[in-house]
Amino acid sequence: GIEFIDSYVFNRVEHIRFNSTVGRYVGYTELGLKNAEAWNKGPQLGQEQGELERVCKRNADLPYRAILDKT
C-alpha cells in the first residue's frame, strides 16, 4: 500500500505529522498536539487527504507500469 507522510519540522524537531495510514494529524510536542487537534477538526485534514489522492495514488502505478513494459 501507499503511505503519505507530511511532517512539519522546526529547528530539527518534528512538531506534527499527517500520516495517511493513521488518517489524521499527530502531534509530537506541546504545540504540535494543540495544532493536531485543531487541524484534525478543520479543512487541513481534507486537504491532506486530497493530496494523497491527487499525487500519490495517481502516480503510484507509473513505476510498476514501466517495469511491466520492459518485460
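Before reading further, recall that the structure is shown in the block above.
Rules and cut-offs
- Residues numbered from 1 in each chain as written.
- Predicted model: local features only at pLDDT ≥ 70, side-chain atom pairs only at ≥ 80, totals over all residues.
- Heavy atoms only, no water.
- Helix = DSSP H or I, 4+ residues; strand = E, 2+ residues; numbered from the N terminus.
- Contact = heavy atoms within 4.5 Å.
- Areas by Shrake-Rupley, 256 points an atom, 1.4 Å probe, with all protein chains shown as cover.
- Phe/Tyr/Trp six-rings, centres within 6.5 Å; stacked < 30°, edge-to-face > 60°.
- Buried < 20%, exposed > 50% of the residue type's maximum accessible area, 1.4 Å probe, protein only.
- Core = buried A, V, L, I, M, F, W, Y, C linked by side-chain atoms within 4.5 Å.

Draft legend 1. Representation of the overall build of the protein chain. Counting its regular elements, the protein chain contains 3 helices and 3 strands. Mapped from its N terminus to its C terminus, the protein chain presents α and β elements in the order β-β-β-α-α-α. Counting only contacts in the protein chain whose residues sit at least 6 apart along the sequence, the fraction spanning at least 24 positions is 23%. Total accessible area computed for the protein chain in this model is approximately 5400 Å², and 54% of it derives from carbon and sulfur atoms.

Draft legend 2. Broad picture of the packing of aromatic side chains. Taken as a whole, this structure holds 4 aromatic pairs when the rule is applied. Seen from their ring centres, Y8 and W39 are 5.3 Å apart, and the 70° between their planes marks the pair as edge-to-face. Of this pair, Y8 sits in strand β1 (residues 5–10) while W39 sits in helix α1 (residues 30–41); the two residues are 31 residues apart in sequence, bridging distant segments of the chain. On the accessibility criterion, Y8 (33% relative accessible area) is partly exposed. For the ring pair F18 and Y25, a centre distance of 5.5 Å and an interplane angle of 65° mean the geometry is edge-to-face. We note that F18, like Y25, is buried. Feature note: the residues F4, Y8, F18, Y25 and W39 constitute an aromatic cluster, connected by ring pairs.

Draft legend 3. Region of the structure containing the nonpolar core. F4, I16, F18, Y25, A36, W39, L45, L52 and C56 together form the largest nonpolar core, which totals 9 residues. When residues of this core are traced back to their parent elements, those giving at least two are β2 (13–19), α1 and α2 (43–59). Of all the elements, α2 adds the most residues to this core, at 3 residues. Other than its neighbours up to four places away in sequence, Y25 contacts Y8, I16, R17, F18, A36, W39, N40, Q44, L45 and E48.

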